[in-house]
Amino acid sequence: MRKHIFLFLLTGWLAITPAFLVVAAETGIQDLKEIDPADPKASLAIKQAVESALAKGDYENISADLRFLLQHGFGSSPDAYFYLAYIRHRQLESWKQSKNWEGVYDRGPGLKKEIHENLSSAEKYLENRPELLLSIKFLRWQLSVEEGSDTEKGLFQDLIASAQKAPATPEALVLIRQMADDLSVMEDKAYSRGLYEVYAEKFKGTNLTGSQLKDAAEEFIRQKNIYLSKTLFEGHLEQFSSDPEALARELVFIADKYAHQGVEEALDPVYAEALYQRAFELKGAQAFTPDSQYHRAFNLERMKDFESALRQYEPVSSGDPEPVRRREALFRCGVLAAYGLNDLARALSYFERVKAVPSDTLGMSSLYQLGLLNQWKGELEKASAFYEEFMAATRDAGIDLNKDELALLCAERIREISQKQPFPYSLGLFLEGTFGAQGAVKKDFTPAGLHVDVTGRPPKTPVGENIVFEVTTSVGKTGCMVPAYAYEWSGETGGLSNIPNTPVLTTFYVSPGIKVIHAAVVGNAGLEGVGFDMVQVEGQEAGAGEIPRVKDSEVTI
Amino acid sequence: MIEDRRQRTEDRGPRRHDFRRGLRVFCLLLSVFCLLGMAKAPKKKVYVKTLKDGSYQLMVQGRPFVVKGVCYNPIPIGKSHDHDFWNDPEKPWLVDGALMKKMGVNAVRFYQPGEDLEAARRVIAELYQKFGIRTMMGHWLGFWNYPAPFYDDPEFRKKVKEDLLRTVEALKGEEGLLFWVLGNENNYSFSGKVNPWTSERIEKLGDPRQCMLARAQTYYSFVNELAREIHRIDPDHPVVMGNGELICLDLASEFAPDVDIVGCIIYRGKTFGNIFKGLRNTFDKPLVLIEFGADAYNAQDKKEDEDMQAFFLKSQWGEIYKNLAGSPDGAGNCLGGVMFEWTDEWWKHNEWDPAGWSVQDTASNWSNGSYYLDIQAERNMNMNEEWFGIVKLVPEDAPEKEGQVPAVLDRRQPRKAYYDIREFWKDPKTKRNPRK
């Protein structure tokens, strides 16, 4: 039985019309005017007749029928009064939908008066009908919101109190859930949360086990009802309050659900980090599985909290059982240290550790990064050596130097060094904005001007799929006059032949690896700010002409 | 002796007569002077009164006046900003004026009159005489000059000044005139990021902050000079200085003390934040929000959203009313507001492409996080310039006339905000405004 209630609650509302009218079996009553007030099916018949009329957009005939009923034996029927009010409210809503503003504003006040009167009558005659009482209170509150009435807060508290008092029948639960869903589109989420909390309390009160609560919460995640899923997870966590180890484990398990994972957008990365933090406070690093530790770091990286991300990647780089992920974490640490924290020396040390196994994609990328950073520092011999090492390794792997993107970039850098040429404009700007003037690199250099975020979506994708990079900036107030910026992209810009000067760059990559892309934002007065991002391109095993992907057994780090 | 006395008396006769006459004249003059002294000086038609509690109240012909305005730039579908609507044979202001009056609008803001000042005078007169709607007449002060406004160039300033004063001379006698509005968001150019202008003198300063201050000083001093000239020519109408946000108004208080009213252009979404109290501290002048509002296109949902626009506008008017003179909780320095704008303008997105003028573009031109309901649009570009109208334009099929370009006024269809604000003005209590 409990399982049935559970399933009904999880799926029941999907079959219900938006108007929270629970339709049961046919009553067999054909003509509303023929209903006997003493007939136990009368309420249901009224409901069905109203639904049917509203579906056809008929407001006047059904209202006339209900008024007829009031004069013929239904004078004390709360249903008739409620539905009269309900129909008028739906009529007003339909005018709003069709943008019949003359109707809403000129005839609306009359209709609202009618609604208020009918709701009062419905409440007056109501006895022991908790679901109908909820519907009345909900409609009364909706009306007060629309009227901007001062009574609105009080009426909502009244609704919450009635919901709390209502018995936990499946019908009442569905109704409360439906109301909460309706309110979830409101700007002030406190309304829907109030009802979701009542719903969750009642839900928990149906004697469901902890694991059923967890299942329900996961189901709500699938339905993208984030708030309700969180509320139920919190309920699920209560059972572990006396067991910190289990609680920490569950916190991490739940956090993983909301954190950035790679392909899809995270459900709530900030909430995820708060849960990770709680787990860490309970049990320290032990609370985390290797996967979770990696997820936490990646989540922070995507949140652009580079310093914290680097801190969380450190344990991954040293303790993850998977060598590939250890190297990936190290590489990410290098990029974050260089372009996120502007700490060139620290970045070099990370890349040095990754290049220890240069035959994989990360090793090759690290060689390029080492060359690039040394070239910026003015250590041209060192830079050349790294580039040459890269080229040799690439050649040895049978890769076409004229096609591989990093090989082409290396060749360009080698040429610059040999011909004593500066970096290309876009790359030079980015590095200048990151580290200060070339050759005068200093730690903690902070470029003045805009805060620039570069975000690639999705952050993990197969070879050949499109990735969209976007630059967003913290522009000062200029009204509707948008400053004219040029967006200078550099780094691994992928297979796109013409790089636009726009804030959006859509590209793709033909080889796997972690790709580092940079952008410099240039305004009238010169460089305004810089940003970067990393995306992970994943592909099939290396074939001819591709850089071979690393195999676990080959890695010794 | 007697003769002497007579003689003296005779001699004194005319003198006494003179004395009496002089006394009479003196008394008369004294009475006249007293009466003149007692009588109040003739009131200006429009002025700002400072109340005992320090609040500012706009007075128009001796009565308090709250500005309930709209920016008015009735560019028809298919035309661009250079369209001369002042001479439009369809006279859109007659249709619009009637709708505005029904809504409760009492003022319109024009950004600048066209070349034909007589046409502008006629429009001002008709709006006032037929609908009681007053005009805030603006002037760009050359801000959109190509390649750039050069406020540090005496020749440029001279030209702008001559053009402005010509306008003032031509229109100052119109009964429907409310204010002069100088500039719009010209202060945003001080940073050098938008409509940049400079001079050798300014460039020599080197430091960007110093350059910005020099631009501000140059511009505001010029505005002050213009305000003084207008006061000399037309003492009946206050001078409003248009300014984007409160940016650099601390400098304006130093260099433009003669402007009467600060006119701010504010796009802060649901609230104006600390602007009213902030202005008290930076440049304590009366405030008219000469441009604010919200667009009616939801860039996130990619569809028209009249609810969204109405929601923002209603919240904004609530704040304006809270800060009028006599309102207990506000700063008491607000004289009213001017919504942006009356009708949609279909030319704005791609103004150089005539084909685009007949299409209401849904591409966004700028981003503003304060309009949070659609900020999750692609690249956060959520502000849709062609959708700010309180009234939308609906193309009408023009009747074909042989050999004639069909001309017909686009149909006006009021959006939800029209009715919401109409109701608010009827009963301007600060109501709760939860967003559904």
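About the criteria used
Here the residue numbers are simple positions, counted from 1 along each chain's written sequence. Chains carry letters and ligands carry numbers; both start at the beginning, A for chains and 1 for ligands, and go up in the order they are written. Confidence filtering applies because this is a predicted model: local features only for residues at pLDDT of at least 70, side-chain atom pairs given and counted only at 80 or more, and all residues used for totals across whole chains, interfaces and linings. Water and hydrogen atoms play no part in the side-chain values, which are based on all heavy atoms of the structure. Helix numbering and strand numbering both begin at the N terminus, where a helix is a DSSP run of H or I of at least 4 residues and a strand a DSSP run of E of at least 2. Three labels apply to residues, based on accessible area from a 1.4 Å probe with only protein chains included: buried if under 20% of the type maximum, exposed if over 50%, partly exposed otherwise in between. Any pair of residues with heavy atoms lying within 4.5 Å of one another is described as a contacting pair. Under the convention used here, a 1.4 Å probe and the Shrake-Rupley method define accessible areas, while residue burial counts only the protein chains that appear. For every element, the axis is a line fit to its C-alpha atoms; helices are fit only across the contacting stretch, and the angle between N-to-C directions ranges from 0 to 180 degrees. By the definition adopted for this analysis, an angle is roughly parallel if under 35 degrees, roughly antiparallel if over 145, roughly perpendicular if from 65 to 115, and oblique otherwise. Crossing handedness is read from the near helix: turned anticlockwise from the far helix by less than a right angle, it gives a left-handed crossing, and turned clockwise, a right-handed one. The classification used treats Ala, Val, Leu, Ile, Met, Phe, Trp, Tyr, Cys and Pro as nonpolar, Asp, Glu, Lys and Arg as charged, and all other residues, Gly among them, as polar. Only rings of Phe, Tyr and Trp enter the pairing, Trp through its six-membered ring, and a pair is recorded when the two centres are within 6.5 Å. The plane angle decides the type: under 30 degrees is stacked, over 60 is edge-to-face, the rest tilted. Counting as a charge over the ring demands two things of the Lys NZ or Arg CZ atom: a distance within 6 Å of the ring centre and an angle within 35 degrees of the ring normal. The term buried area refers to how much accessible surface (probe radius 1.4 Å) is lost by two components on association, counted for both of them together. Salt bridges are identified by distance alone: a Lys or Arg side-chain nitrogen within 4 Å of an Asp or Glu carboxyl oxygen. Two strands are said to pair when DSSP picks up at least two bridges between them. Take the number of residues in a helix, subtract one, and multiply by 1.5 Å to get its expected span. With its strands directed away from the observer, a crossover is right-handed exactly when the path from the first strand over the helix to the second travels clockwise. pLDDT measures how confident the predictor is about each residue, on a scale from 0 to 100.

Quick notes on the overall build of chain B
Right, on to step 1. Counting secondary structure elements, chain B contains ten helices and 15 strands.
Right, on to step 2. Out of the 436 residues in chain B, the part that is buried amounts to 53%.
Right, on to step 3. Across chain B, contacts joining residues at least 24 apart in sequence account for 71% of those joining residues at least 6 apart.
Right, on to step 4. Accessible surface, chain B: about 20400 Å² in total, of which carbon and sulfur atoms supply 52%.

A look at the packing of helix 16 (residues 323-340) of chain A against helix 18 (residues 361-377) of chain A
Residues and elements named next belong to chain A.
Right, on to step 1. The N-to-C vectors of helix 16 and helix 18 enclose an angle of 20°; their axes lie 11 Å apart at closest approach. Viewed along their axes, helix 16 and helix 18 adopt a mutual orientation that is roughly parallel. In this structure, helix 16 crosses over helix 18, and the sense of that crossing is left-handed. Facing Val324, Arg327, Glu328, Phe331, Ala338 and Tyr339 of helix 16, the residues of helix 18 in contact are Leu362, Gly363, Ser365, Ser366, Gln369, Leu372 and Leu373.
Right, on to step 2. Split by residue class, the contact of helix 16 with helix 18 holds seven nonpolar, four polar and two charged.

Quick notes on the packing of aromatic side chains
Right, on to step 1. Counting across every chain of the model gives 55 aromatic pairs over all chains.
Right, on to step 2. Relative to Tyr220(B), the ring of Phe190(B) has its centre 5.4 Å away and its plane inclined at 85°; by these criteria the two rings are edge-to-face. Linking Phe190(B) in the loop between strand 7 (177-182) and helix 5 (200-203) with Tyr220(B) in helix 6 (residues 208-233), this pair joins segments that are 30 residues apart in sequence.
Right, on to step 3. Aromatic ring contacts, followed pair by pair, group Tyr151(B), Phe156(B), Phe190(B), Trp197(B), Tyr219(B), Tyr220(B) and Phe222(B) into a single cluster.
Right, on to step 4. Of note, Lys230(A) hangs over the ring of Tyr271(A), and the distance from its end group to the ring centre comes to 4.5 Å.

Looking at the interface of chain B and chain A
One frequently used descriptor of interface size is the decrease in accessible area upon assembly of the parts.
Right, on to step 1. With 34 residues of chain B in contact, the opposing surface of chain A contributes 35 residues.
Right, on to step 2. Summing both sides of the interface, chain B and chain A together bury roughly 3000 Å²; the carbon and sulfur share of this comes to 56%.
Right, on to step 3. Along the contact surface separating chain B from chain A lie four salt bridges.
Right, on to step 4. In this structure, the salt-bridge partner of Lys99(A) is Glu306(B), at a minimum N-O distance of 3.4 Å.

With respect to the pairing of strand 4 (residues 486-491) of chain A
Residue and element names in this part refer to chain A.
Right, on to step 1. In terms of burial, strand 4 is largely enclosed, as five of its six residues are buried.
Right, on to step 2. Where strand 4 meets strand 6 (residues 513-523), six bridges bridge the pair, whose relative direction is antiparallel. Across the sheet, Ser490 pairs through a bridge with His518, a residue of strand 6.

Re helix 12 (residues 244-258) of chain A
Right, on to step 1. With 15 residues, helix 12 of chain A ought to run about 21 Å at 1.5 Å a step, and its terminal C-alpha atoms sit 21 Å apart, in line with that.
Right, on to step 2. Among the residues of helix 12 of chain A, Ala246(A), Leu247(A), Ala248(A), Glu250(A), Leu251(A), Val252(A), Ile254(A), Ala255(A), Asp256(A) and Tyr258(A) are the ones counted as buried.

What to know about the pairing of strand 6 (residues 134-139) of chain B
Residues and elements named next belong to chain B.
Right, on to step 1. Judged by how many residues are buried, strand 6 sits mostly within the fold: six of six residues are covered.
Right, on to step 2. Neither face of strand 6 is left uncovered, since the one carrying Arg134, Met136 and Gly138 and the one carrying Thr135, Met137 and His139 both have all their residues buried.
Right, on to step 3. Two elements, strand 5 (residues 107-110) and strand 6, share four bridges in a ladder whose sense is parallel. Counted as the bridge partner of Ala107 is Arg134 from strand 6.
Right, on to step 4. Crossover connection from strand 5 via helix 3 (residues 117-131) to parallel strand 6: handedness right-handed.
Right, on to step 5. Of the strand pairs in this sheet, strand 6 and strand 7 are connected by five bridges, and their pairing is parallel.

Some words on the confidence of the model for chain B
Residue and element names in this part refer to chain B.
Right, on to step 1. Counting all residues, the mean pLDDT for chain B is 89, and 87% of those residues have values of 70 or more.
Right, on to step 2. Counting contacts from residues 1-11, a segment whose pLDDT is below 50, to residues more than four positions away or on other chains yields three contacts.
Right, on to step 3. Of the two predicted TM-score estimates for the complex, the pTM is 0.82 and the ipTM is 0.78.

Brief notes about the pattern of salt bridges
Two side chains with opposite charge may pair up if their charged atoms get near one another.
Right, on to step 1. Summed over all chains, the structure comprises 55 salt bridges over all chains.
Right, on to step 2. In this structure, the salt-bridge partner of Asp106(A) is Arg422(B), at a minimum N-O distance of 2.9 Å. Of this pair, Asp106(A) sits in helix 5 (residues 101-125) while Arg422(B) is found in helix 10 (residues 416-426), placing the two residues in two different chains.
Right, on to step 3. For Arg302(A), the salt bridge goes to Asp533(A), with nearest N and O atoms at 3.2 Å. One end of the pair, Arg302(A), is in helix 14 (residues 290-302); the other, Asp533(A), is in strand 7 (residues 526-538), and 231 residues separate them in sequence.

Here's the deal with the environment of Val262(B)
All names here are of chain B.
Right, on to step 1. Inspection of the secondary structure assignment puts Val262 in strand 9 (residues 261-265).
Right, on to step 2. Taking the relative accessible area as the measure of exposure, Val262 reaches 0% and is therefore buried.
Right, on to step 3. The spacing of Val262 and Trp197 is 65 residues in sequence and 23 Å in space, taken between C-alpha atoms.
Right, on to step 4. Those residues in contact with Val262 that sit more than four places away from it in its chain are Val240, Met241, Leu249, Leu279, Phe283, Lys285, Pro286, Leu287 and Val288.

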